[in-house]
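Chain and residue survey
The primary structure of each chain is shown beneath.
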Amino acid sequence: MIETLEKLSLVESLNFLANTYPNKVVFSTSLGQEDQVITDAIFKNNINIKVFTLDTGRLFQETYELIDRTRSRYKKNIEICFPNTDKVQQLTTEKGLNSFYESVENRKECCFIRKIEPLKRALAGAEVWITGLRAEQSENRNDMKIWEWDEGNKVWKFNPLIHWTYDEILNYITVNKVPDNPLHRKGFVSIGCLPCTRAIEPNEHPRAGRWWWEESKKECGLHA
(Lines give C-alpha, C1' and ligand atoms only; values in the text may rest on other atoms or scores of the structure.)
Protein backbone atom coordinates (compact mmCIF):
# COMPACT_ATOMS: atom_id res chain seq x y z
CA MET A 1 0.00 0.00 0.00
CA ILE A 2 2.82 2.43 0.88
CA GLU A 3 4.43 2.09 -2.56
CA THR A 4 1.07 2.72 -4.26
CA LEU A 5 0.25 5.80 -2.19
CA GLU A 6 3.76 7.25 -2.56
CA LYS A 7 3.26 7.36 -6.35
CA LEU A 8 -0.08 9.16 -6.27
CA SER A 9 -0.84 12.86 -6.01
CA LEU A 10 -2.80 14.17 -3.04
CA VAL A 11 -6.13 14.07 -4.87
CA GLU A 12 -5.37 10.70 -6.50
CA SER A 13 -4.48 9.11 -3.16
CA LEU A 14 -7.61 10.44 -1.46
CA ASN A 15 -9.80 9.15 -4.28
CA PHE A 16 -8.00 5.80 -4.22
CA LEU A 17 -8.66 5.27 -0.52
CA ALA A 18 -12.26 6.51 -0.73
CA ASN A 19 -12.90 3.92 -3.45
CA THR A 20 -10.93 1.15 -1.72
CA TYR A 21 -12.66 1.68 1.65
CA PRO A 22 -16.10 3.09 0.70
CA ASN A 23 -17.75 5.06 3.53
CA LYS A 24 -14.95 3.99 5.90
CA VAL A 25 -12.49 6.86 5.40
CA VAL A 26 -12.55 9.91 7.69
CA PHE A 27 -10.44 13.04 7.98
CA SER A 28 -9.87 14.87 11.27
CA THR A 29 -9.08 18.54 10.75
CA SER A 30 -7.71 20.93 13.36
CA LEU A 31 -8.15 23.75 10.81
CA GLY A 32 -4.37 24.23 10.57
CA GLN A 33 -2.78 25.05 7.23
CA GLU A 34 -1.93 21.43 6.45
CA ASP A 35 -5.47 20.34 7.27
CA GLN A 36 -6.94 23.12 5.14
CA VAL A 37 -4.94 21.81 2.19
CA ILE A 38 -6.47 18.35 2.62
CA THR A 39 -9.94 19.80 3.19
CA ASP A 40 -9.62 21.77 -0.05
CA ALA A 41 -8.65 18.60 -1.95
CA ILE A 42 -11.55 16.60 -0.50
CA PHE A 43 -14.28 19.23 -0.83
CA LYS A 44 -13.25 20.69 -4.19
CA ASN A 45 -13.15 17.23 -5.78
CA ASN A 46 -16.27 15.88 -4.04
CA ILE A 47 -14.37 12.92 -2.60
CA ASN A 48 -16.45 10.62 -0.38
CA ILE A 49 -14.57 11.24 2.88
CA LYS A 50 -16.20 12.50 6.07
CA VAL A 51 -14.51 15.60 7.49
CA PHE A 52 -14.76 16.29 11.21
CA THR A 53 -13.11 18.49 13.82
CA LEU A 54 -12.78 18.34 17.60
CA ASP A 55 -14.20 21.35 19.43
CA THR A 56 -12.46 21.26 22.80
CA GLY A 57 -14.43 24.23 24.06
CA ARG A 58 -11.22 26.26 24.42
CA LEU A 59 -10.43 27.15 20.80
CA PHE A 60 -9.54 30.60 19.44
CA GLN A 61 -12.42 32.67 18.07
CA GLU A 62 -10.44 32.85 14.81
CA THR A 63 -10.62 29.06 14.58
CA TYR A 64 -14.40 29.04 15.00
CA GLU A 65 -14.69 31.72 12.34
CA LEU A 66 -12.50 29.67 10.00
CA ILE A 67 -14.84 26.70 10.36
CA ASP A 68 -17.73 28.85 9.16
CA ARG A 69 -15.67 30.40 6.35
CA THR A 70 -14.60 26.95 5.16
CA ARG A 71 -18.15 25.61 5.20
CA SER A 72 -19.32 28.67 3.28
CA ARG A 73 -16.52 28.49 0.73
CA TYR A 74 -17.07 24.83 -0.25
CA LYS A 75 -20.77 24.46 0.64
CA LYS A 76 -19.85 21.32 2.59
CA ASN A 77 -20.37 20.27 6.18
CA ILE A 78 -17.67 19.77 8.79
CA GLU A 79 -18.90 17.54 11.59
CA ILE A 80 -18.22 19.05 15.03
CA CYS A 81 -17.30 16.58 17.79
CA PHE A 82 -17.54 17.69 21.42
CA PRO A 83 -16.03 16.24 24.61
CA ASN A 84 -18.17 14.43 27.17
CA THR A 85 -19.93 17.14 29.18
CA ASP A 86 -19.87 15.19 32.45
CA LYS A 87 -16.13 14.57 32.18
CA VAL A 88 -15.38 18.25 31.48
CA GLN A 89 -17.64 19.32 34.33
CA GLN A 90 -15.97 16.89 36.74
CA LEU A 91 -12.47 18.00 35.72
CA THR A 92 -13.15 21.71 36.03
CA THR A 93 -15.09 21.31 39.29
CA GLU A 94 -12.37 19.23 40.96
CA LYS A 95 -9.25 20.88 39.55
CA GLY A 96 -10.33 24.26 38.22
CA LEU A 97 -10.45 25.68 34.72
CA ASN A 98 -6.68 25.88 34.17
CA SER A 99 -5.26 22.81 35.91
CA PHE A 100 -3.20 22.03 32.80
CA TYR A 101 -0.68 24.71 33.79
CA GLU A 102 0.18 22.87 37.00
CA SER A 103 1.75 19.68 35.59
CA VAL A 104 2.26 17.65 32.43
CA GLU A 105 -0.01 14.98 33.94
CA ASN A 106 -2.83 17.48 34.42
CA ARG A 107 -2.37 18.81 30.91
CA LYS A 108 -2.51 15.33 29.42
CA GLU A 109 -5.64 14.62 31.45
CA CYS A 110 -7.29 17.69 29.93
CA CYS A 111 -6.15 16.70 26.42
CA PHE A 112 -7.53 13.21 26.95
CA ILE A 113 -10.95 14.45 27.98
CA ARG A 114 -11.23 17.22 25.41
CA LYS A 115 -9.47 15.59 22.43
CA ILE A 116 -8.49 11.93 22.66
CA GLU A 117 -11.77 10.48 23.94
CA PRO A 118 -13.88 12.47 21.43
CA LEU A 119 -11.51 11.35 18.66
CA LYS A 120 -12.05 7.70 19.55
CA ARG A 121 -15.80 8.21 19.29
CA ALA A 122 -15.41 9.98 15.94
CA LEU A 123 -13.24 7.17 14.57
CA ALA A 124 -15.68 4.43 15.57
CA GLY A 125 -16.53 2.35 12.51
CA ALA A 126 -13.82 3.90 10.32
CA GLU A 127 -11.06 1.88 8.70
CA VAL A 128 -8.85 4.76 7.54
CA TRP A 129 -8.01 7.94 9.44
CA ILE A 130 -6.49 10.78 7.39
CA THR A 131 -4.28 13.34 9.14
CA GLY A 132 -2.35 16.47 8.18
CA LEU A 133 0.88 15.40 9.85
CA ARG A 134 4.23 16.40 8.35
CA ALA A 135 7.65 15.00 9.28
CA GLU A 136 9.06 18.54 9.69
CA GLN A 137 6.61 19.43 12.46
CA SER A 138 8.33 17.64 15.34
CA GLU A 139 10.94 15.04 16.22
CA ASN A 140 8.14 12.66 17.16
CA ARG A 141 6.87 12.75 13.57
CA ASN A 142 10.18 12.27 11.74
CA ASP A 143 9.78 8.51 11.50
CA MET A 144 6.10 8.42 10.61
CA LYS A 145 5.17 6.80 7.32
CA ILE A 146 2.61 7.86 4.76
CA TRP A 147 0.60 4.72 5.65
CA GLU A 148 0.77 3.06 9.05
CA TRP A 149 -1.31 1.07 11.52
CA ASP A 150 -2.62 2.95 14.54
CA GLU A 151 -2.89 0.28 17.22
CA GLY A 152 -4.49 2.59 19.77
CA ASN A 153 -7.44 3.41 17.52
CA LYS A 154 -7.43 0.18 15.47
CA VAL A 155 -7.41 2.03 12.14
CA TRP A 156 -5.03 2.62 9.27
CA LYS A 157 -3.60 6.11 9.42
CA PHE A 158 -2.92 7.94 6.16
CA ASN A 159 -0.55 10.92 6.33
CA PRO A 160 -0.62 12.29 2.76
CA LEU A 161 1.46 15.39 3.56
CA ILE A 162 4.14 13.61 5.59
CA HIS A 163 6.87 14.48 3.05
CA TRP A 164 5.61 17.98 2.19
CA THR A 165 7.63 21.01 3.24
CA TYR A 166 6.09 24.06 4.87
CA ASP A 167 6.84 26.07 1.73
CA GLU A 168 4.84 23.57 -0.32
CA ILE A 169 1.91 23.98 2.07
CA LEU A 170 2.03 27.78 1.77
CA ASN A 171 2.32 27.60 -2.00
CA TYR A 172 -0.75 25.32 -2.26
CA ILE A 173 -2.76 27.68 -0.05
CA THR A 174 -1.75 30.70 -2.14
CA VAL A 175 -2.31 29.11 -5.55
CA ASN A 176 -5.66 27.57 -4.60
CA LYS A 177 -6.82 30.51 -2.46
CA VAL A 178 -7.52 28.20 0.49
CA PRO A 179 -8.99 29.94 3.55
CA ASP A 180 -6.71 29.79 6.57
CA ASN A 181 -6.41 31.20 10.06
CA PRO A 182 -5.28 34.86 10.26
CA LEU A 183 -3.33 33.96 13.40
CA HIS A 184 -0.74 32.33 11.12
CA ARG A 185 0.29 35.85 10.06
CA LYS A 186 0.83 36.77 13.70
CA GLY A 187 3.42 34.12 14.55
CA PHE A 188 1.08 31.24 15.33
CA VAL A 189 2.37 28.32 13.26
CA SER A 190 0.75 25.50 15.22
CA ILE A 191 -2.64 26.47 16.65
CA GLY A 192 -4.42 24.49 19.34
CA CYS A 193 -6.47 25.60 22.32
CA LEU A 194 -6.27 29.30 23.21
CA PRO A 195 -4.81 28.93 26.73
CA CYS A 196 -2.23 26.42 25.49
CA THR A 197 -0.92 28.23 22.40
CA ARG A 198 1.28 31.28 21.90
CA ALA A 199 3.00 32.86 18.92
CA ILE A 200 6.59 31.76 18.33
CA GLU A 201 9.65 33.93 17.99
CA PRO A 202 11.87 33.94 14.85
CA ASN A 203 13.92 30.73 14.59
CA GLU A 204 11.90 28.99 17.31
CA HIS A 205 10.73 25.42 16.64
CA PRO A 206 7.24 25.35 15.04
CA ARG A 207 5.87 23.47 18.07
CA ALA A 208 7.47 25.80 20.63
CA GLY A 209 4.24 27.74 20.99
CA ARG A 210 2.29 24.68 22.12
CA TRP A 211 2.29 24.08 25.91
CA TRP A 212 5.22 26.52 26.07
CA TRP A 213 5.41 26.39 29.88
CA GLU A 214 6.45 22.72 30.00
CA GLU A 215 9.37 20.54 28.91
CA SER A 216 7.77 17.77 26.88
CA LYS A 217 7.48 16.30 23.39
CA LYS A 218 4.80 18.89 22.58
CA GLU A 219 2.14 16.29 21.81
CA CYS A 220 -1.40 15.94 23.15
CA GLY A 221 -1.53 12.20 22.59
CA LEU A 222 -3.57 12.09 19.39
CA HIS A 223 -0.51 11.05 17.38
CA ALA A 224 1.85 9.78 20.07
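To be clear, the structure that these remarks concern was listed above.
Residues numbered from 1 in each chain as written. Predicted model: local features only at pLDDT ≥ 70, side-chain atom pairs only at ≥ 80, totals over all residues. Heavy atoms only, no water.

Thoughts on the overall build of the protein chain
How we decide: Comment: elements are numbered from the N terminus, with helices defined as DSSP H or I runs of at least four residues and strands as E runs of at least two. Radius of gyration: C-alpha atoms only; globule rule: 2.2 Å multiplied by the number of residues to the exponent 0.38. Each residue's exposure class comes from its accessible area (1.4 Å probe, protein chains only) as a fraction of the maximum for that residue type: buried when under 20%, exposed when over 50%, partly exposed otherwise. Residues count as neighbours in contact if any of their non-hydrogen atoms are within 4.5 Å of one another. Here the accessible surface of atoms and residues is derived via Shrake-Rupley with a 1.4 Å probe, and residues count as covered only by protein chains that are part of the display. The convention is simple: Lys and Arg are positive, Asp and Glu are negative, and His and the chain ends are not counted. Working definition for charges: the position is that of NZ of Lys, CZ of Arg, CG of Asp or CD of Glu.
Scanning the protein chain for helices and strands turns up 7 helices and 6 strands. By the compact-globule yardstick of 17 Å for 224 residues, the protein chain fits well, its C-alpha radius of gyration being 17 Å. In terms of principal-axis extent, the alpha carbons of the protein chain reach across some 50 × 40 × 35 Å. Within the protein chain, the fraction of its 224 residues that count as buried is 50%. Within the protein chain, residue pairs in contact and separated by at least 24 positions form 68% of the contacts whose partners lie at least 6 positions apart. As displayed, the protein chain has an accessible area near 11,300 Å², and 51% of this comes from carbon and sulfur atoms. Here the protein chain holds 31 positive side-chain charges and 32 negative ones, and the gap between their average locations is 4 Å.

Focus on the packing of aromatic side chains
Heads up, the rule is: Classification of ring pairs rests on two measures: the distance between centres of Phe, Tyr or Trp rings, Trp counted by its six-membered ring, which must be within 6.5 Å, and the angle between planes, read as stacked under 30 degrees, edge-to-face over 60 and tilted in between. The criterion is that NZ of a Lys, or CZ of an Arg, lies within 6 Å of the ring centre and within 35 degrees of the ring normal, and then a charge sits over that ring.
Counted under the stated rule, the structure contains 12 aromatic pairs. Ring geometry for F43 and Y74: centres 5.7 Å apart, planes at 55°, overall tilted. Taken together, the residues span a long stretch of sequence, with F43 in helix 3 (residues 33-44) and Y74 in helix 4 (residues 61-74) at a distance of 31 residues. Look at F43 and you get buried, because its relative accessible area is 7%. One aromatic cluster is present, built from ring pairs that chain together Y21, W147, W149, W156 and F158. Looking at R107, its charged tip hangs above the ring of W211, at a distance of 4.2 Å from the centre. Just above the ring of W211 sits the side chain of R210; from NZ or CZ to the centre is 4.7 Å.

Concerning the sheet that holds strand 2 (residues 50-54)
As a reminder of what qualifies: Pairing between strands is defined by DSSP: at least two bridges between them are needed. Fitting a line to C-alpha atoms yields each axis, with helices limited to the stretch in contact; the angle taken between N-to-C directions then spans 0 to 180 degrees.
Strand order in the open sheet formed by 6 strands is 3-2-1-4-6-5, and the pairing between neighbours is mixed. Since the sheet does not close on itself, it has two edges, and those belong to strand 3 (79-81) and strand 5 (147-150), each with one partner. Neighbour-to-neighbour, the strand axes of the sheet open up by a mean angle of 30°, direction not taken into account. In terms of strand pairing, strand 1 (residues 25-28) meets strand 2 through 3 bridges, oriented parallel. Of the residues in strand 2, the one forming a bridge with F27 is V51. Against the sheet, helix 2 (residues 10-20) engages strand 1, strand 4 (128-130), strand 5 and strand 6 (155-158), with an angle of about 165° to strand 6.

Comments concerning the nonpolar core
The cut-off we apply is this: What makes a nonpolar core is a set of buried Ala, Val, Leu, Ile, Met, Phe, Trp, Tyr and Cys residues whose side-chain atoms join them at distances within 4.5 Å.
In terms of nonpolar packing, the biggest core is built from 32 residues, with L14, I42, I49, I130 and F158 touching the most fellow members. Mapped onto this core, the elements with two or more residues apiece are helix 2, strand 1, helix 3, strand 4 and helix 7 (166-176). The greatest single-element share of this core, amounting to 5 residues, is contributed by helix 3. Dropping the residues within four chain positions of it, I49 is found in contact with L14, A18, V25, V26, F27, I42 and I130.

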